[in-house]
Amino acid sequence: MVSFFKRLTGAGTNSPDEQKSHGSSYAGGSHHEGPQSLFAMIGGHDANWIDGGFSSLIRQGYAKNPVVYRCVRMIAEAATSVPLGVRENSQVLERHPVLDLLKTPNHRQSGSDIMEAIYSYLYTAGNAYLEAVIVDGQVRGLYSLRPDRMNLVSGKDGWPIAYDYSTGQRNVRLSLNTQPVPKILHLNLFHPLDDHFGMAPLEAARYSLDIHNAAAKWNKALLDNAARPSGALVYSGASGNLSKAQFQRLKDELEVGFQGAMNAGRPMVLEGGLDWKSMALTPRDMDFIEAKNSAAREIALAFGVPPMLLGIPGDNTYANYSEANRVFWRQSVVPLVRRVADSIGRWLQPAFEGDFELVPILDDIEALGEDQTSKWQRISSAEFLDDDEKRQLLGLPQRTSSSNPTPKSTGADASE
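Looking at an unreviewed UniProt entry, the protein chain carries the name Gene Transfer Agent portal protein, with the source organism given as hydrothermal vent metagenome.

This brings us to the environment of tyrosine 121. Counting through the fold element by element, tyrosine 121 comes out in helix H5 (residues 111-124). Under the relative-accessibility criterion, tyrosine 121 is labelled partly exposed at 21%. Note: C-alpha distance between tyrosine 121 and arginine 146 (25 residues apart in sequence) is 7.9 Å.

A few words now on the sheet that holds strand E5 (residues 150-154). Two strands in a sheet stick together by hydrogen bonds in their backbones, pointing the same way (parallel) or opposite ways (antiparallel). The three strands lie next to each other as E5-E6-E7, forming an open sheet whose pairing is antiparallel. The two strands at the open ends of the sheet, each matched to only one other strand, are E5 and strand E7 (170-175). The average angle at which neighbouring strand axes cross in this sheet is 25°, direction not considered. Bridge count for E5 against strand E6 (residues 160-167) is five bridges, and the pairing is antiparallel. By the bridge assignment, serine 154 is partnered in E6 with proline 160.

With that settled, the discussion passes to the packing of aromatic side chains. For any pair of aromatic rings, geometry is given as the distance between the ring centres together with the angle between the planes. Scanning the model with the defined rule gives four aromatic pairs in all. On the numbers, 6.2 Å between centres and 20° between planes, the contact of tyrosine 123 with phenylalanine 303 is stacked. Here phenylalanine 303 lies in helix H10 (residues 288-303) and tyrosine 123 lies in helix H5, a separation of 180 residues in the sequence. The same class applies to tyrosine 123 and to phenylalanine 303, which are both buried. Aromatic side chains phenylalanine 352 and phenylalanine 356 sit 6.5 Å apart centroid to centroid with 70° between the ring planes, which places their arrangement in the edge-to-face category. Considered together, phenylalanine 352 and phenylalanine 356 belong to a single accessibility category, that of buried residues.

Helix length check: H5 (14 residues) gives 20 Å between terminal C-alpha atoms against 20 Å at 1.5 Å per residue, within 8%. Among the 14 residues of H5, 10 are classified as buried, and the element is accordingly described as predominantly covered. Residues of H5 that are buried: Gly111, Ile114, Met115, Ala117, Ile118, Tyr119, Ser120, Leu122, Tyr123 and Thr124.

In this section: the side chain of asparagine 213. Along the chain, asparagine 213 falls in helix H7 (residues 206-224). Of the polar contacts made by the side chain of asparagine 213, one reaches the backbone oxygen of glutamine 60; its length is 3.0 Å. Of the polar contacts made by the side chain of asparagine 213, one reaches the side chain of asparagine 65; its length is 2.9 Å. Setting aside anything within four residues of it in sequence, one finds asparagine 213 in contact with Gln60, Lys64 and Asn65.

Before going further, it helps to examine unusual backbone geometry. The peptide bond linking glutamine 179 to proline 180 adopts the cis configuration, its omega dihedral lying at 10°. Along the polypeptide, proline 180 turns up in the loop between E7 and strand E8 (184-188). Of note in this structure, aspartate 136 is not a glycine but carries a positive phi near 55°. In this structure, aspartate 136 sits in the loop between strand E3 (127-135) and strand E4 (138-145).

Parameters and conventions
- Residues numbered from 1 in each chain as written.
- Predicted model: local features only at pLDDT ≥ 70, side-chain atom pairs only at ≥ 80, totals over all residues.
- Heavy atoms only, no water.
- Helix = DSSP H or I, 4+ residues; strand = E, 2+ residues; numbered from the N terminus.
- Buried < 20%, exposed > 50% of the residue type's maximum accessible area, 1.4 Å probe, protein only.
- Pairing = 2+ DSSP bridges.
- Axes fitted to C-alpha atoms, helices over the stretch in contact; angles between N-to-C directions.
- Phe/Tyr/Trp six-rings, centres within 6.5 Å; stacked < 30°, edge-to-face > 60°.
- Expected span 1.5 Å × (residues − 1).
- Polar contact = N/O pair within 3.5 Å; in protein donor to acceptor, adjacent residues only side chain to side chain.
- Contact = heavy atoms within 4.5 Å.

Next up, the structure:
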């Protein structure tokens, strides 16, 4: 059987027609004759990080990273599932004109679509925008606007007076001096170095996102290269060096016959002075799997999602899944919903009669069932409160006079 090397070099008996020169050197353009050795050292470069712009973070994070995508989806879907009510005169109402507007904001989007967009934009861009459609002095509709298309227009005092919404070559100025409410509601997360725009959790997790994506690329490249680290074939035969044609044939044969996931584990027969020298660290040395899981935990931490809910290995911070889910709702979802509801309520309040506030209704949230039960038990067992005060604390309407139960007569009354 003709060996792998002999098949590449022909019969294998004749010396190469052309020898590769050892004398060329690229250090200062000098040229030396005789055997030379090449030593290349690559390292010491600064790490390459993705750009912190919104479009770049969305492409590299939300569109290509499963941890970021799942975190944003979990928060947005959970927050959207929380129903909103109107608190007016210490009572929580589930029917109100402002709730009808939020339920059907426009003919293209439902209320769930609008709220999901708001929560998603807040956690990917740090900013979310709502536009009010004002007709004859009344708010007739609401639209969610993309934050990357919004440009702030500031007044003489530095505070915003309008926003420019740009789509292609079209630019629309949306003024804040409209009645009964400003045309635009700008929601943002806190940014310590910016007076107007917010900072997204995705931006805070940028370095961890890069590490997680780089680990995934390393794994993919490893599979594409026969599930082995890169290396070199060293020829030390007595017949001299390989010719240029022989070198190219050897390279092509290796790429076709031994590279790729389909050729993983295929044995290589080395004869005629060929030897394989590994030139890269093994995955065990790199420990990139643990680095990837650690980066995933840091991403989840930035978004406020317990890693256990994402199925990240090695995270046993919480006793069980239910406790992790309860913490997720308590620390991430409920504060977000309350903040957004409060901002929307204060923005729309001048357009409707009465003094009210928009609040989340948490009674039907399954993950918070134990918390709600504990709250009801504490209030019910408070003997220093009467029934009307207890109902007020629970957000229930007060009983009418006809519904109050008639006190039962006691034995002392009968004897009198």
